[in-house]
Amino acid sequence: MTLEWGESPPKQHVVIVGAGFGGLACARKLRRSSAYRVTMIDRHPYHLFSPLLYQVATAGLPEDDIAFPVRTAFREVDFIRAEVTEIDVKTKQLTLNGKRVVDFDHLVLAVGSQGTTYGIDGVAEHTLQMKSVADSRLIRRSLLHTYEEVEDGFLPTTALQVAVVGGGPTGVELAGAIRELQDEIRREFEDIAQHASVTLIEAGPRLLPSFHPKSSAHAQKTLEKMGVTVRVDTAVSRATATSLHFTNGDELVAGTRIWAAGVVAPPTWKMLGETDRANRLKVQPTLSLTDGIWVIGDAAHHADDTGRPLPMIAPVAIQQGKHVANQLLRLARNEQLTNFVYRDKGQMATIGRRKAVVEVRRWLRFSGTFAWLTWLALHLAYISGGRNRTSIFADWVWNYLVWVPRRAITD
Ligand SMILES: Cc1cc2nc3c(=O)[nH]c(=O)nc-3n(C[C@H](O)[C@H](O)[C@H](O)COP(=O)(O)OP(=O)(O)OC[C@H]3O[C@@H](n4cnc5c(N)ncnc54)[C@H](O)[C@@H]3O)c2cc1C
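Each value, and the rule that gives it
- Residues numbered from 1 in each chain as written.
- Predicted model: local features only at pLDDT ≥ 70, side-chain atom pairs only at ≥ 80, totals over all residues.
- Helix = DSSP H or I, 4+ residues; strand = E, 2+ residues; numbered from the N terminus.
- Buried ≥ 20, exposed ≤ 12 C-beta atoms within 10 Å, placed from the backbone.
- Contact = placed C-beta atoms within 7 Å.
- Pairing = 2+ DSSP bridges.
- Axes fitted to C-alpha atoms, helices over the stretch in contact; angles between N-to-C directions.
- Domains from an automatic or database assignment.
- Nonpolar A, V, L, I, M, F, W, Y, C, P; charged D, E, K, R; others polar.
- Expected span 1.5 Å × (residues − 1).

Participant: Help me understand the overall build of the protein, please; the structure alone is not making it clear to me.
Facilitator: Of regular secondary structure, the protein possesses nine helices and 25 strands. Along the first, second and third principal axes, the C-alpha set of the protein runs to 85 × 45 × 40 Å. By the burial criterion, 40% of the 411 residues in the protein qualify as buried. Once local pairs closer than 6 in sequence are excluded, the contacts in the protein between residues at least 24 apart make up 65%.

Below you can see the structure in the form of structure tokens.
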């Protein structure tokens, strides 16, 4: 193509699939580039702040607080609400909802992950997962309606028993928050509240397996003090409509059964390349999969120095999103690509009000009120959108001072 004097070359089209942590970070960095036109595609019109899903599920926050409207995020980025159903690497085309075709020069696949049941009998049918706003709504409904149904005699009192499977940060946060919710609504359901309980089940030998053993022990002790029953070394073999069965032959009756035990990347994109056991696409050190295709976040398998894949957490996705944007900018300047290096800033989990564990390094750990305040501050800092941030802050202050669960609407 010949360009006229003063005419700029046409912008290349970057399509980002997924407006999650990785996709948004990539778009933010690329949006003002003179070399690229950016389109973001997501099945939802919002960016979901999943670390706070458990607070929606336990009636602490309204749904709107953790969903940030993507269309208004960046004026320079086009947004299409659609499900990407096909990717043709050769023709560099995407199919949306099985119909509309979109061409791209570069594709950034930031499609995240989904819950997995590991094929355990009955888990898909009889447990609730917590990956989306709709999932959280179902959990909240189950937790709260059960009280009314037990009170009205439609359900036995054992229905007030809650089982949470998975002793990672999500399971720990959820179990602690459910226990606090049960304590708070005790006054309103005085006759039946004593039957409510929470059991946290972990197949491995300790909670928070990615943390230092001392943090795991602290989390377990704190949860037990709050009244949560913790069962480690306990693997689920089957779920039914009223209970969980374990490989050791025990059975736990529970009206609400929540599955927070593991995630995998969506299997749909396995055909794009080599994958690991969690369906993650094995990317090159630059995060490129093939020419013009990049994979980031939970969907990418990028090994660290020890050869282990990076954890499926938001900071990895954010740093990878920025890295791919930088690589695209380098390409536009005809510069060499660079390898992705993850900067681990630590990990944290909240257990309840004024209770959390924070690990900055293996040797720099703290817990209790200061850890909880750190957790609150960092989560506020990472939430997209001033309105969401202000609203969450106001809700947190209100909840702390006058805890009244948000549950006018639970249908
Ligand atoms: C309950 C819960 C709690 C968590 N807590 C923490 C925490 O405390 N700290 C932490 O660091 N991490 C946490 N995580 C993990 C963190 O949310 C993920 O690691 C992070 O979201 C990964 O970012 P991502 O950009 O890869 O994908 P996501 O943020 O999941 O975004 C993927 C996006 O892609 C869209 N999408 C997928 N497929 C398609 C398709 N075919 N077509 C169109 N759109 C599509 C989805 O709608 C979604 O918006 C938590 C996760 C969950 C579920």
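Read on for the rest.
Participant: Explain the pairing of strand S24 (residues 355–361) here, please?
Facilitator: On a regular strand, one side chain projects to one face of the sheet and the next to the other, so that they alternate. Across the seven residues that make up S24, a large majority, five, are buried. Pairing analysis gives five bridges linking strand S23 (residues 347–352) to S24, with the strands arranged antiparallel. Each residue of the ladder has a partner; that of Gln347, found in S24, is Glu359. The loop that links S23 with its antiparallel partner S24 comprises two residues; one of these, Arg354, has a positive phi angle of about 65°. Where S24 and strand S25 (residues 364–367) come together, four bridges link them in antiparallel fashion. If you follow Val357 over to S25, its bridge partner there is Ser367.

Participant: Got a minute to help me understand the sheet that holds strand S7 (residues 93–96) in this structure?
Facilitator: Sheet strands pair by backbone hydrogen bonding; their relative direction is either parallel or antiparallel. Taken in spatial order, the three strands line up as S6-S7-S8 in an open sheet, and their pairing is antiparallel. The sheet is open, and its two edges are formed by strand S6 (84–88) and strand S8 (100–103), each paired on a single side. Neighbouring strand axes in the sheet, compared pairwise and without regard to direction, differ in orientation by 25° on average. Two strands pair when backbone bridges link them, and S6 and S7 are joined in this way by four bridges, in the antiparallel orientation.

Participant: In this structure, what is going on with the domain arrangement of the protein? I would like to understand it.
Facilitator: Interface size is often expressed as the accessible area that is lost when the parts come together. You can read the domains of the protein as domain 1 (12–115 + 264–332) and domain 2 (119–261). With centres defined by C-alpha atoms, the gap from domain 1 to domain 2 works out at 31 Å. On the domain 2 side, the residues contacting the 14 residues of domain 1 number 17 residues. Among the elements of the structure, helix H2 (53–57) and strand S10 (114–115) are those that each provide at least two residues to the side of domain 1 that touches domain 2. Ranked by the residues each element gives to the side of domain 1 that touches domain 2, the list is headed by H2, at five residues. Of the residues belonging to the side of domain 1 that touches domain 2, the class tally is eight nonpolar, five polar and one charged.

Participant: Help me out: how do you make sense of helix H5 (residues 169–184) in this one?
Facilitator: Two residues of an α-helix separated by three or four positions point the same way, owing to the 3.6 residues in each turn. End to end, H5 covers 22 Å across 16 residues, agreeing with the expected 22 Å (1.5 Å per residue, within 8%). Burial of H5 is extensive: 14 of the 16 residues sit out of reach of the surface.

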